[in-house]
Structures are given as structure tokens and as C-alpha cells.
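Per-entry structural report
Below, each chain spelled out in residue letters.
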Amino acid sequence: MIRRPGSSNGPSPTAVKLERPTWRDRWRRHPPNLSIWVGAGVLLVYVAAAVSAILVFGKGLNVLPMNLMWVNPQYAASPSWAHPFGVMPGIGTGLFRAEWQATPWDLEMVAGILAIDVAIGYFVGAYAGANEGGLCDSVVTFIGDSIGTIPTFFFVIVIFAGIAAASPASAGIPAFIVVFGLVLWPTMARTVRDRARSVAHEPYVDASRASGASRFHILWRHILPNSLGPVLAQIPLDVAPIFFVLSAFPWYYNCAGFGPPPPPPGAGPGGPYLVPQLPPFSPLPATTFPEWGWLLGVGTCEGVSFPGQFGFWWMYFFPLIVIVIFGLAVGLLCDGVDRWRRLHR
Amino acid sequence: MTDSPNESGTLPDRTGGDAGPPSVPPDRRPEPGGQSGEDAPTRPSRAGGRRHLSASTRYVLRRLALIPAQLLFVLLLLYVAFTVPTQIAQQASPDALGFFRGFLQVLVNDFTGNWGNADFLRFHLPWTQVYAYYIPPSIQIALFALPIAAALAYPISLLAGWSRRPGLDAPAQFSTLTGALVPVFVVGLLVVNALFFSYLGWLQDVPNQGLLPTAPWFLDRGGYPSWIIYDAVTQPTGFPLIDAVIHHAWVVAFISLTKTLLQALVVAAAYVAIFFRHARAVVRSAREEPYITGARARGISERTLLWRHAARRVTPSFLLVFALTIPEYLGVQFAVEAAFTDQAGFGNLVFADLTSGILTDIQPLIFLLAIVILVWTFLVDLVALRIDPRGLAGR
């Protein structure tokens, strides 16, 4: 806490009013560290790409143009000035344009999933930790332990499959966001709970309680701000499974396991090469929908899955690098904010 | 054993907090002195003479009772996920009794092994038989992958977590986050392609066909021997390596060992990235312990501090981290198996089930997976408790 000169005009020393430092004070005393600048800068580039994609492509944002000439991997162009990321066969689009068009959709998905994850996990976990041994605590611990026994991707696909079986029309990206967020929050709540549990026994919380603060006040003023660390540590870890689910199942369905499904003879662009299809429980509406994970799945499929295709490096490299840089930026930002936050204690 | 993870804040413990709040911070809690033996840890005073079970026995019993409860909860959750949307879609009237009966039927089927018939690949067999064929190769990989992972994860986590220099810690964090973000199947495929197709032409047939040589390899040598059925499943044990040794097929055994080692290496490398992110906080908190600072002040070298004093302290916590990340380990192994192998293996079973579009096939898989993970976690917890009974104090 900072004792501000303007606020200490009371008649006696006991009446000195201590104010919490404003954000401007904090900024001046401890300017943000390099991690924050780099992480936020990279994420800003992503947001700028998303906004520009919305402005440039307008109503065509959700459909990738399919150039039939490029569907055959034989004619897939490597990176050049005209196509900086090369050309993706199967989908038949320049990869740079596909990634660019996919940015708003993926940012929406990640932001939505993390928002649900953090909103539920943070508050429920902090409440459970503050009331240790209570009903909420027992329930959160039990649910967290139970859901934690099954791999995340498994749970997400199974629940999403139930929705898709019931009404295929509603099994889109919004449902995927909700399902993924609901599967992720118990892990978040568990980690927050453990921190909140130790915060709840700190002397300053006891002092606050002894001076008559309400439970809500203690939760809001002491426990929530001091339990932010686990949230910031968990957020980057929760980004990875999202893209794993979105890329692994398209890849497996089309290219792995028991071989690619035979292309229909003479039907449309189908030929003696692979035209990727959506797996049964996919949140995407069509194969021409732009999405990073889908592009990575198809790129891995076209670029590496078959023997002797190691030369098609751009098909999986660029989708991969876009996802990895995004995840690293999120990690840097969270790590930097966590270290910056600790300076103000 | 719960103290350091709780301090770190990134590692939850798995107990219901019914032991009451510790009145002192756990790391300042006095060590169990001479009055508490090795197997009888800090005896809670409230136990008094009323209860005759020791604290560890009570903990084990409670933990054991939790397994069926968690299993039931997971099965119920997924049963709801299967049936309720379908019922809503069919606009059937909500029928609590029918729902309950259906769930009971699923439970009975699961437990009695009545898992239905598989129409899976070229099998037209009961699912139980397919599982019996497919699980041993996965166990074979895990038996190689887990020791390799332990041998890598233990020193790496200790060294990188201990270091105060940003030169070691920052790259470790960077590479583990990158390792988590790159899907494992891509890594697996890149390894397969890099090693076997482009650069090393000499094992061209190795990566496919499960843990056995490929079909052309066998065809060149007069077809499959009689102990390999369905082109992929070995008899009598089901473990390709053991069966090859039993039948004195040394070349098959060598190729099987090569493939197993390769997959195990990729699994271990990917798992170390996951493990390190949790274990780092454990080592960090061990570094700040008063007794470490005291020993350092007395002039004990950093190497001794790390490998003698800190390493012993973090071992039970590492075991807890392992127990916590078992589902993630299995996810990694499934993806690697799917990337490497064409045929037998639990990974292919999981991925094929999830992409088959048939929901009813998934029920026994969930059942089996939940049981495996719950029991495995329980056993690791028991070992951790045996090594460091102090953990009971917080439970």
C-alpha cells in the first residue's frame, strides 16, 4: 500500500487513511516487464489480423475459395511471393489467405473457451477454497477429481458427439465453445481452490474477518486477487488441448489408422488423391471453413502422413507455427502479468 | 506430501479437505520426531483413543471408497451426455424411472463384461475380445516409455527448476510450452518420416503395422506365422515382443523392440514437457526451504544440496505430480500410437471409436479407461504415502 500525501490531513495519526494505489501509481512504480510487452504485442498483431480479415473478407469470411487446380497435391505450389505460405492441397487455397481468414474464428473460439473456463473456475474455486470443508468445496473437489480422470479431448468429443447426435444443426462452434469451457473449468477450480485455501488462513484475512468484514468482502477483496496466480499459470496450458482436439481428429479420420477413405470415383474434384472430409463430430460447418486446427490436421495429412511426402513441409509448418506463436504469446503475457502483479504486493 | 504442491498453487491435491485447516503453514510444520514411527505418521490428536485405525489406514480406506463413487459419477455424466440430447431430439417425455433403469442396465452390462459385439476393422467379435487383443501392445509401449520418462523427467525437472540463472530456466519453460502446443501426433509423424522415409532408407517398413513388421515383410518370407492372427495380433500372451521370443522369431522380436523403443522415446519426450510444468513449482518451493538455506549457509555445496537434500524432499511430490498427470500421459501415448501404428493398440482403439460416429461403442472404453486411471492413481498415491507419511497431516 502507498500512503499518499494528499490523503493524510486527518487530525490524528490514527485517522490516517491508507488508499490502495491506483493503476497509474502501479504503472509508474513498476513499468511492465518485457514479457508483457512482447506477449501483448504479438497478441495485438493477431487481433489486428482478425479485424483486418473481417474488414477485407466481409461476408465471405467463413468460406475458403477452392481453386480446383490446387486440390491435387501434385500441383501444390511451395511458398512464393504470390503465396507466402504456399498452397494447401485438398482444400485448394493459398495457405496465407486461409490462415488469415481463420484468425477471427480461432480468436473467438479461444477467447470464448477461456472466458467460460476462467469465469467459472476462478470464482467457484476461490469460493470453495475460502469455505474449506463446506458443501461447495466438497462438490468442487469431487467433480474436479472425477473429471480429471479422463483425458480432456476424450470428454470434449464424447459430450459434443451427444449433442451432434441429438441435433446436428446445433452442434456448431458455439456449442463447442460451451462444451470445452465446461470440461476445462474443474481443473482451473482445483488449482485456484488450493491457493485460496492457503490464502484464507493468512493473518490479514483473519484480521479482516475479526474487524467485521463480510464474507463477500473477504472473498472479493482478499481471496480473489490473491488467488490469481494459478489462473495465470493455467491459462496457457488450457490453450493446447483446444488445438489438439481441432487438429487431431480431422487428421486421424482422413489420414491415419485404417487408411484414407476411398475418394468417390469421378465425383466432383475427387480423384486418385485425398480430398479431406470432416470427421463425424466436428464443430466446423464445412470442409471449406477456415480454422487453424483444421488446417493443421489437413496439412499434416497431406504433408506428412503418407510415405515420401516429407518435402511438402509448408503444409504443416505454417499452420503449426501460427498456433505455436499464438500459444507462446499467451504464455508470455500470462507469465509477465503474474510477475508484474507480484511486485505490487 | 501435500505441502509443496499446495504452496506452489499450480498443483492441486486430490483430497476432500476434511482434515481441517493446518494451523501453521505446512512448510513450517515440525517434522515428525522420534515419537512417531516410520509407518505411523503424525497422529492427529483428535483421533484420541476413540478410533483404533491409524491415520494412514483411514486415509487409504477413504481413498478406496472414493474410487467407486468417482467411477459412478463419470459413467453417469457420460450416460447423460449420450442419452439426454437424444431424448430431447426425439421429444420423448422426460422419464426419470426409465432413465434410471437405462443407467442401471449400462452399469450391469459394464461390470458383467456384456459389452456387445464389435464391428471394428475386420473383427466381428465381442468387444471384450477386441480389447484383449488391443491392450497388450499399449502396455508394452508404456512399460518402456515410463522408465524412460522417469529417467528424463527427474533430472531435468530438478536441474531446471533449481537453477536461478535465467539461461537455463527460461529455455526450459519455452521448450515445454512449445512441446505442449505442438500436437504429439505431428511430432510422431515427423519422427517417422524424418527417420525412416527420407533419410534412413534401411528400415522403410518399420513405422507401420503396429509393433510388428509390415505385411510385405512377412509376405516376402512366406506369409504370417501361425502365432500371428488377423495380421496384427500375436498369440498366446498378446505382447508382440514376448510372443516373438516365445516362438524364437528373433528378427521379429528385434523389429518389435525397435518400434517399441522409438514410440516410447517420443511418448517420454512429450510427457516430460507436461511433467516439467508441474514439477518446476515443486522444486522452486523446495529451494526456498529454511533447512536448505541453513545448509547453504553452513557451506554445503550446491550439488550436494540439490542431489542429496532437495532431491529426497521432492520425490513424493513428484509422485503426486505423476498421479495427477496420468490422464495426460495416456492422452500423449494414445496420440503417439495413432501416429505410429496402423493396427493394434489402445490409441487406435480410442481414436477410431471417437471418429467412428457410433456412440454406443464408446461406453466400454470409458468404463475401462476410468477404472484404469482411478486404480493407477490410487496406487501411485499409496506409494507416495509410503515414502513420505507426513502428507497425512494435511489430509
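Residues numbered from 1 in each chain as written. Chains lettered and ligands numbered in written order. Predicted model: local features only at pLDDT ≥ 70, side-chain atom pairs only at ≥ 80, totals over all residues. Heavy atoms only, no water.

**Considerations on the overall build of chain B**
Let me state the cut-off plainly: Helix numbering and strand numbering both begin at the N terminus, where a helix is a DSSP run of H or I of at least 4 residues and a strand a DSSP run of E of at least 2. Burial classes: relative accessible area under 20% of the type maximum marks a residue as buried, over 50% as exposed, and values in between as partly exposed (1.4 Å probe, protein chains only). Contacts are residue-level and defined by heavy atoms, with any inter-residue pair within 4.5 Å sufficient. Every accessible area reported is derived by Shrake-Rupley at a probe size of 1.4 Å, with residue values counting cover from the shown protein chains alone.
Across its full length, chain B carries 14 helices and two strands. In chain B, which comprises 395 residues, the share counted as buried stands at 52%. Contacts in chain B between residues far apart in sequence, at least 24 positions, make up 72% of those at least 6 positions apart. As displayed, chain B offers around 17600 Å² of accessible surface, 64% of which is attributable to carbon and sulfur atoms.

**Here we look at the side chain of H222(A)**
Worth spelling out the cut-off: Two N or O atoms form a polar contact when they lie within 3.5 Å of each other; inside protein one atom must be a possible hydrogen donor and the other a possible acceptor, and for residues adjacent in sequence the pair counts only when both atoms belong to side chains.
Following the sequence through the fold, H222(A) ends up in helix α8 (residues 215-226). Within the local environment of H222(A), its side chain forms a polar contact with the side chain of S208(A), the two groups lying 3.4 Å apart.

**Concerning the confidence of the model for chain B**
Residues and elements named next belong to chain B. Operational definition: Values of pLDDT, ranging from 0 to 100, describe the predictor's confidence in every residue of the model.
For chain B, per-residue confidence averages 78 on the pLDDT scale, and 81% of positions sit at 70 or higher. Throughout residues 1-43 the model reports pLDDT below 50, and contacts reaching past four residues in sequence, or to other chains, amount to 93 contacts. The ipTM for the predicted assembly is 0.83, set against a pTM of 0.84.

**Considering the environment of I116(A)**
Residue and element names in this part refer to chain A. Residue placement: I116 occurs in helix α3 (residues 95-130). On the basis of relative accessibility, which here comes to 21%, the residue I116 falls in the partly exposed class. With residues near it in sequence (within four places) discarded, I116 still touches G121, I177, V178, G181 and L182.

**Quick notes on the packing of α3(A) against helix α9 (residues 228-255) of chain A**
Residue and element names in this part refer to chain A. Quick reminder of the rule: Angles shown run from 0 to 180 degrees and are taken between the N-to-C directions of axes, each axis being a line fitted to C-alpha atoms and, for helices, limited to the stretch in contact. For classification purposes, an angle smaller than 35 degrees is called roughly parallel, one larger than 145 roughly antiparallel, one from 65 to 115 roughly perpendicular, and anything else oblique. Take the far helix as the reference: if the near one is turned anticlockwise from it by less than a right angle, the crossing is left-handed, and if turned clockwise, right-handed.
With their axes 10 Å apart at the nearest point, α3 and α9 run at an angle of 140° to one another. On the basis of the axis angle, α3 is oblique to α9. Note on packing geometry: the crossing formed by α3 with α9 is right-handed. Mapping the contact onto sequence places D106, M109, V110, I113, L114, D117, V118 and Y122 in α3 and L228, V231, I235, D238, V239, I242, F243 and L246 in α9.

**Quick look at the packing of aromatic side chains**
One pair of aromatic rings is described through two measures. These are the centre distance and the angle between the planes. Short version of the rule: Stacked, edge-to-face and tilted labels apply to pairs of Phe, Tyr and Trp rings (six-membered ring for Trp) whose centres lie within 6.5 Å, assigned for plane angles under 30 degrees, over 60, and everything in between, in that order. Two conditions define a charge located above a ring, namely a distance within 6 Å from the ring centre to NZ of Lys or CZ of Arg, and an angle within 35 degrees of the ring normal.
Per the counting criterion, the structure on display carries 47 aromatic pairs over all chains. Their ring planes at 45° and their centres at 6.3 Å tell us that F96(A) and W100(A) sit as a pair that is tilted. With a gap of four residues between them, F96(A) and W100(A) both fall in helix α3, about one helical turn apart. Note on Y271(B) and F322(B): the rings are 6.4 Å apart at their centroids and 80° apart in plane angle, and the pair reads as edge-to-face. Taken together, the residues Y271(B) in helix α9 (residues 250-287) and F322(B) in helix α11 (residues 302-324) connect sequence positions 51 residues apart. Pair check on accessibility: Y271(B) and F322(B) agree, each one buried. Three or more aromatic residues link up through ring pairs in this structure, and these residues are F57(A), F85(A), F96(A), W100(A), F312(A), W313(A), W314(A), F317(A) and F318(A). Lying over the aromatic face of W217(B), R221(B) brings its terminal NZ or CZ to 4.0 Å of the ring centre.

**Points about the environment of D169(B)**
All names here are of chain B. Tracing the backbone through its elements, the reader meets D169 in helix α5 (residues 166-181). For D169 and L159, which are 10 residues apart along the polypeptide, the C-alpha to C-alpha distance reads 8.9 Å. Those residues within four positions of D169 in sequence are excluded, and the remaining contacts are A160, F276, R280 and R284.

**Here we look at a nonpolar patch on the surface**
Rules: Surface patches are defined over residues having more than 30% relative accessible area and no salt bridge, joining like charges when they lie within 9 Å and nonpolar side chains (Val, Leu, Ile, Met, Phe, Trp, Tyr) when within 5 Å. A side-chain nitrogen of Lys or Arg and a carboxyl oxygen of Asp or Glu constitute a salt bridge if their distance falls within 4 Å.
Taken together, the side chains of W27(A), L34(A), W37(A), V38(A) and L332(A) make up a nonpolar region of the molecular surface, amounting to roughly 540 Å² of accessible area. Sort the elements by how many residues they give to the nonpolar patch and helix α2 (residues 34-57) of chain A lands first, with three residues.

**Observations regarding helix α3 (residues 96-112) of chain B**
Residues and elements named next belong to chain B. Where we set the bar: An expected span of 1.5 Å times one less than the residue number is assigned to each helix. Throughout, the arc means that of the directions going from the helix axis to the C-beta atoms.
The terminal C-alpha atoms of α3 lie 24 Å apart, and with 17 residues this matches the ideal 24 Å at 1.5 Å per residue to within 8%. Buried within α3 are the following residues: G102, F103, V106, L107 and D110. Considered in projection along α3, the buried side chains sweep an arc of 135° and stay on one side of the axis. Those residues of α3 that are exposed and angled more than 90 degrees off the buried face are R101, F111 and T112. Buried residues in α3 make contact with α2 (55-89) and α14 (362-387). Looking one or two residues beyond α3, the residue adopting positive phi is G113, at roughly 80°.

**Details of the confidence of the model for chain A**
Taken residue by residue, chain A gives an average pLDDT of 84. The fraction at 70 or more is 88%. Low pLDDT, under 50, characterises residues 262-271 of chain A; the stretch is placed with six contacts to residues that sit more than four places away or in other chains.

**Let's talk about the interface of chain A and chain B**
The criterion, for reference: Using a 1.4 Å probe, buried area is obtained as the accessible area two parts lose upon being combined, added over both of them.
Counting from both sides, the interface comprises 64 residues of chain A and, opposite them, 70 residues of chain B. Where chain A abuts chain B, roughly 5800 Å² becomes buried across the two surfaces, and 75% of that area is made up of carbon and sulfur atoms. Mapped by element, the contributors of at least two residues to the side of chain A that touches chain B are α4 (135-147), α5 (152-166), α6 (173-199), α9, α10 (292-305) and α11 (314-342) of chain A. Looking at the side of chain A that touches chain B element by element, the count peaks at 13 residues for α9(A).

**What about the pattern of salt bridges?**
Inspection of every chain in the model, using the stated rule, returns 12 salt bridges over all chains. Residue R193(A) is joined to D194(A) by a salt bridge in which the shortest nitrogen-to-oxygen separation is 3.0 Å. Among the salt bridges present, the one from R313(B) reaches E289(B), with a minimum N-O distance of 2.6 Å. Placement of the pair is R313(B) in helix α11 and E289(B) in the loop between α9 and α10 (290-297), with a sequence separation of 24 residues. On the basis of relative accessible area, R313(B) is assigned to the buried category, the value being 12%. Through salt bridges with shared partners, a single network forms among D137(A), R193(A) and D194(A).

**Quick look at the nonpolar core**
What counts here: The term nonpolar core refers to a set of buried residues drawn from Ala, Val, Leu, Ile, Met, Phe, Trp, Tyr and Cys, joined through side-chain atoms within 4.5 Å.
Formed by 183 residues in total, the largest nonpolar core has its most connected members in F153(A), F154(A), W251(A), F326(A) and F351(B). Take this core: its biggest share by element is 15 residues, from α9(A). Residues in contact with F153(A), not counting those within four places in the same chain, are F244(A), V245(A), F249(A), G331(B), F334(B), V350(B), F351(B) and L354(B). One finds I228(B), L241(B), A249(B) and A253(B) within the second-largest nonpolar core, a separate group that totals 11 residues.

**Overview of the packing of α4(A) against α2(B)**
Stated formally: When residue character is reported, Ala, Val, Leu, Ile, Met, Phe, Trp, Tyr, Cys and Pro are called nonpolar, Asp, Glu, Lys and Arg charged, and the others, Gly included, polar.
Two elements in contact, α4(A) and α2(B), have axes whose closest approach is 9 Å; the angle formed by their N-to-C orientations is 75°. The orientation of α4(A) relative to α2(B) falls into the category roughly perpendicular. Residues F142(A), I143(A), D145(A), S146(A) and I147(A) of α4(A) form the contact with α2(B), whose own contacting residues are L66(B), A69(B), Q70(B), F73(B), V74(B) and L77(B). Of the residues contributing to the contact of α4(A) with α2(B), the split by class is eight nonpolar, two polar and one charged.

**A closer look at empty space enclosed by the protein**
Rolled over the atoms, a probe sized like a water molecule indicates the empty space that remains. Basically, it comes down to this: Grid points spaced at 1 Å over the protein atoms alone were grouped into cavities, where a 1.4 Å probe fits but cannot get out, and pockets, open sets with protein on both sides within 12 Å along at least five of seven lines, with lining residues defined by an atom within 4 Å of a point. Grid points are joined across faces, edges and corners, and a volume is the space filled by probe spheres set on the points.
What the rule picks out here adds up to seven cavities of 30 Å³ or more. Estimated volume of the largest cavity: approximately 910 Å³. What lines the largest cavity is a set of 47 residues, and nearest its centre among them are T152(A), P241(A), I274(B), P327(B) and E328(B). At six residues, the largest contribution of residues to the lining of the largest cavity is made by α9(A).

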